Amino acid sequence: MRRNVEFNADGVTLRGWFYVPDHQSGKFPTVVMAHGFTALKEMTLDQYAEVFCKGGMAVLVYDNRCLGESDGTRRHDIDPVAQRRDYRCAITFALQQPEADPERIGIWGTSYTGGAVLGVAALDKRVKAVVSQVPFVHGPKNIQQFLRLAEIPDFMKMIDDDRARRMKGEPSQYLPVTSDKEGEPCAFPGTRTHAYFHKYVNAIPGLKWENKVTIRSLEYLLDYDVTGYMELIAPTPLLMIVSNNDSSTPTDLALEMFQRAREPKELYVIKADHYASYLEGFDGTSAAARDFLLKHL
């Protein structure tokens, strides 16, 4: 059973779904989850939630602020610090649901929020288990691997020029999130990225995803670094799901963070790229997360 929900996150209304196992009663272990960079809950998170729910867990799924059905301005502006705080607000909301067991709260994040949940688990000990899938963990190092060396000066100039415009009172300009045109500037280049997002845009009428993100979001992205949180996650159990051929959130960076984390921790490696974790490898990643959460919640 799924119901529409909304909750207050420090003055911004976030909207999503709350899942409860069918034909069962009582209090359930509960998982809080949101999607990655610009992505919406309809982009596979409903499928993950259904797997977790069939396993006997309640699930709160929501759109990040400034995206999808959630409020927040400026639209399509991605602030990772605000997203971490919103997870903590979402945990509070989940705890207020009559079906949630307050002693069995888990969190799940992927890509950009895969990094966010690492910070949340380090700071918020209401969390009793955390799953971090193909996580974005270090902005500067990610960009150095993601862009060609020759492209980095133009990338930094774009950010500096946007900041100069904002100082004049102008809004941050938008950049496409993805593009299938060779050489067109975008936040995350590559035909695989473009195909992932447009798979849902083309299949779901009225989906509130637009192919744009503020340049300020890319400046925030460069501030993103979860290194200092990793040793603080324990004793909360951690599962990290990593793709072994990930160019969007590079494999070596994720594995470096996993090594920094203390026990208890588990690693699940999928032999594919970033987006296979949601697509071709969905059965494996969803089952691994479900089993881990059930084990620890």
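Residues numbered from 1 in each chain as written. Predicted model: local features only at pLDDT ≥ 70, side-chain atom pairs only at ≥ 80, totals over all residues. Heavy atoms only, no water.

## Considerations on the nonpolar core
What counts here: Joining through side-chain atoms within 4.5 Å is the link that ties buried Ala, Val, Leu, Ile, Met, Phe, Trp, Tyr and Cys residues into a set, and such a set is a nonpolar core. The classification of residues rests on relative accessible area computed with a 1.4 Å probe and restricted to protein chains. Under 20% of the type maximum is buried, over 50% is exposed, and intermediate values are partly exposed. Helix numbering and strand numbering both begin at the N terminus, where a helix is a DSSP run of H or I of at least 4 residues and a strand a DSSP run of E of at least 2. Only heavy atoms enter the contact rule, under which two residues are in contact if any of them lie within 4.5 Å.
With 97 residues, the main nonpolar core has Phe52 and Ile107 as its most contacted residues. No other element matches the seven residues that helix H3 (residues 112–123) contributes to this core. Other than its neighbours up to four places away in sequence, Phe52 contacts Val31, Met33, Met57, Val59, Trp108, Ser286, Ala289, Arg290 and Leu293.

## Description of the pattern of salt bridges
Using the following cut-off: The salt bridge definition used is simple: a Lys or Arg side-chain nitrogen within 4 Å of an Asp or Glu carboxyl oxygen.
Overall, the coordinates contain 25 salt bridges when judged by the stated rule. In this structure, the salt-bridge partner of Lys41 is Asp63, at a minimum N-O distance of 2.9 Å. Here Lys41, found in the loop between strand E3 (28–34) and helix H1 (45–54), pairs with Asp63, found in the loop between strand E4 (58–62) and helix H2 (80–95); they are 22 residues apart in sequence, far enough to count as distant. Of the charged contacts in the structure, one is a salt bridge between Arg165 and Asp162, with a shortest N-O distance of 3.1 Å. A residue pair is termed a helical-turn pair when its members lie 3 or 4 positions apart in one helix, as Arg165 and Asp162 do in helix H5 (residues 152–167) at three residues. Taken individually, Arg165 and Asp162 each receive the classification buried, so the pair is uniform in this respect. Three or more residues are tied together by salt bridges with common partners; here these are Asp160, Asp162, Arg163, Arg165, Arg166 and Glu219.

## Examining the sheet that holds strand E9 (residues 238–243)
Within a sheet, each strand pairs with its neighbour through backbone hydrogen bonds, oriented either parallel or antiparallel. The line we're drawing: Between any two strands, at least two bridges found by DSSP are needed for them to pair. All axes are obtained by fitting lines to C-alpha atoms, using only the stretch in contact for helices, and the reported angles, taken between N-to-C directions, cover 0 to 180 degrees.
Taken in spatial order, the eight strands of this open sheet run E1-E2-E4-E3-E5-E6-E9-E10, and their pairing is mixed. At either end of the open sheet lies a strand with only one pairing partner, and these are strand E1 (2–9) and strand E10 (265–270). Direction aside, the axes of adjacent strands within the sheet are offset by 20 degrees on average. Sheet topology note: the E3/strand E5 (residues 100–110) ladder contains six bridges and is parallel. Bridged to Phe28 within E5 is Ala100. Running over the sheet, H1 touches E1, strand E2 (12–19), E3, E4, E5 and strand E6 (127–133) and is turned about 170 degrees from E3.

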